[in-house]
Amino acid sequence: MKITPQDIVGLVGILPTPATPDAGHWSSQNTVDLDESARMTEIVVSAGTDIIMTTGTFGECASLTANEVRDFVGCVVDTVAKRRLVFAGITTLNTRDTISRGAELIDAGADGLFVGRPMWLALDDKLLVRFYKDVAQALPGIPLVVYDNPVAFKGKISEGAYRELAALPEVIAAKHIGGAALDNDARTVGENCRLLPLGGDWLRAAQVNPENIKAGWSGAVACAPAPLNALSRAIKAQNWTEAAKISEQCQWAESAMFAGGDLTAFMDYSIPIAHLRFEAAGLIKPGPCRPPYLDLPENYRAGALECGARWAKLQKEYQNV
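- In the annotation of an unreviewed UniProt entry, the entry for the protein reads Dihydrodipicolinate synthase family protein, and the organism field reads Achromobacter denitrificans.
- Entered under Sequence similarities (unreviewed entry) in the UniProt record, the comment concerning the protein runs "Belongs to the DapA family."

Dropping the structure here:
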């Protein structure tokens, strides 16, 4: 089946990668807790999450070995068992490794790929577009979701670059950080590429552009899939009153983890913050962080734990709805 932008509808849940107890030491091998990974994936799918993504930033694509990425994605694919689309994250520090990893994970059963550009140096528009064209040429016909995070990738994807990316048949969607640029970017790509706003911005964007904004993403599905899927159902039904109530609750839960409200500072510690919030939410066992992203300043800890506790409260409220 050819996957198109029109197939990207509903909640896109991005998974963490559960770790074994020894994962925090440099000498550890095979640090993916596969049993917990399968349990987590089943929880998220059974809750109704529409699309699954793996190995993004807090999924620790930067600290997993290639073998661990393959094992984790294989576990997720096997657990999902074709009930949902699975997009495997393949971000590396160079084009050739990204392509090689992508080919391997498609062979492992992923339906498409979640692709961030190399970030050691910033890429201007020409190089950014060239990178995605190279991936598309190397993996023809494989659906690609672009990763637009200005902090992580040292720059925003421009309007001109979006226009060129949307012309590539392989590029079917883009994970967007939201904010002021979202509406213009959505108009720029039109029906050729599905823009995915962050959960907290999804409702607003869907009301502004209901024809194009039909999906949103969240990294909290392993904390509380129930309220996020309730939000997805309300937005699909254009039940704006119900969606507004749930969206406000989800924003309340998420806001606790941003120390001082600073996205840039949050991104410096997003991996250990994620581990703490998943642990505090109590739905999965995330295990320890992998090196080198091991420590978290004390002033971030309380917010991360509060975030998890808030998600746990919302999960309890919505799990039987």
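### Considerations on the overall build of the protein
Thinking step 1. Helix and strand content of the protein: 12 helices and eight strands.
Thinking step 2. Taking 20 Å as the expected radius of gyration for a compact globule of 321 residues, we find that the protein reaches 18 Å, a close match to that expectation.
Thinking step 3. By principal-axis analysis of the C-alpha atoms, the protein measures approximately 50 × 45 × 40 Å.
Thinking step 4. In the structure as shown, the protein presents an accessible area of about 13400 Å², 53% of it carried by carbon and sulfur atoms.
Thinking step 5. Each charge class in the protein was averaged separately, 30 positive and 37 negative side chains, and the resulting centres sit 3 Å apart.

### Examining the nonpolar core
Here is a general trend for soluble globular proteins: nonpolar side chains tend to be buried in one another's company.
Thinking step 1. Formed by 104 residues in total, the largest nonpolar core has its most connected members in Ile8, Phe87, Leu113, Leu165, Leu195, Leu196 and Trp311.
Thinking step 2. The residues contacting tryptophan 311, other than those within four sequence positions of it, are Ala220, Cys223, Ala224, Pro227, Leu228, Cys250, Ala253, Glu254 and Arg277.

### Focus: the sheet that holds strand E7 (residues 194-196)
Thinking step 1. With parallel pairing, eight strands are arranged side by side in an open sheet as E7-E6-E5-E4-E3-E2-E1-E8. Looking at the sheet topology across the chains shown, the edges are occupied by E7 and strand E8 (215-218). Within the sheet, the average angular offset between the axes of one strand and its neighbour, ignoring direction, is 25°.
Thinking step 2. With three bridges connecting them, strand E1 (residues 10-14) and strand E2 (residues 51-53) associate as parallel partners. Looking at the pairing, isoleucine 14 lines up with methionine 53 of E2.
Thinking step 3. Docked against the sheet, helix H2 (residues 66-80) engages E2 and strand E3 (85-89), running at close to 175° with respect to E3.

### Let's talk about the pairing of E3
Thinking step 1. Within E3, five of the five residues are buried, which leaves it mostly tucked inside the rest of the structure.
Thinking step 2. Side chains of E3 alternate between two faces, with Leu85, Phe87 and Gly89 and Val86 and Ala88 buried alike.
Thinking step 3. Where E2 meets E3, three bridges bridge the pair, whose relative direction is parallel. From the neighbouring strand, isoleucine 52 faces E3, where its bridge partner is valine 86.
Thinking step 4. Bridge count between E3 and strand E4 (residues 112-115): three bridges; the pairing is parallel. Looking at E4, one finds that phenylalanine 87 is bridged to glycine 112.

### Some remarks on the pattern of salt bridges
Thinking step 1. Within this structure, the stated rule accounts for 17 salt bridges.
Thinking step 2. Residue aspartate 71 pairs with arginine 70 through a salt bridge whose shortest N-O separation is 3.5 Å.
Thinking step 3. Overall, aspartate 71 belongs to the partly exposed group, its relative accessible area being 28%.
Thinking step 4. For the salt bridge of glutamate 159 with arginine 163, the shortest nitrogen-to-oxygen distance reads 2.9 Å. Here arginine 163 and glutamate 159 lie together in helix H5 (residues 159-166), a separation of four residues that amounts to about one turn.
Thinking step 5. Because the salt bridges share partners, they merge into one network encompassing Arg70, Asp71 and Glu104.

### So, unusual backbone geometry
Thinking step 1. Omega for the peptide link from proline 291 to proline 292 comes to 10°, which places this bond in the cis form.
Thinking step 2. Look at asparagine 30: it is not a glycine, yet its phi comes out positive at around 55°.
Thinking step 3. Residues other than glycine seldom take positive phi values, yet threonine 55 does so here, at roughly 45°.
Thinking step 4. Note on placement: threonine 55 falls in the loop between E2 and H2.

Cut-off values and rules
- Residues numbered from 1 in each chain as written.
- Predicted model: local features only at pLDDT ≥ 70, side-chain atom pairs only at ≥ 80, totals over all residues.
- Heavy atoms only, no water.
- UniProt positions renumbered as here; feature names shortened; annotations may be inferred.
- Helix = DSSP H or I, 4+ residues; strand = E, 2+ residues; numbered from the N terminus.
- Rg over C-alpha atoms; globule rule 2.2 N^0.38 Å.
- Areas by Shrake-Rupley, 256 points an atom, 1.4 Å probe, with all protein chains shown as cover.
- Lys, Arg positive; Asp, Glu negative; His and termini not counted.
- Charge placed at Lys NZ, Arg CZ, Asp CG, Glu CD.
- Core = buried A, V, L, I, M, F, W, Y, C linked by side-chain atoms within 4.5 Å.
- Buried < 20%, exposed > 50% of the residue type's maximum accessible area, 1.4 Å probe, protein only.
- Contact = heavy atoms within 4.5 Å.
- Pairing = 2+ DSSP bridges.
- Axes fitted to C-alpha atoms, helices over the stretch in contact; angles between N-to-C directions.
- Salt bridge = Lys/Arg side-chain N within 4 Å of Asp/Glu carboxyl O.

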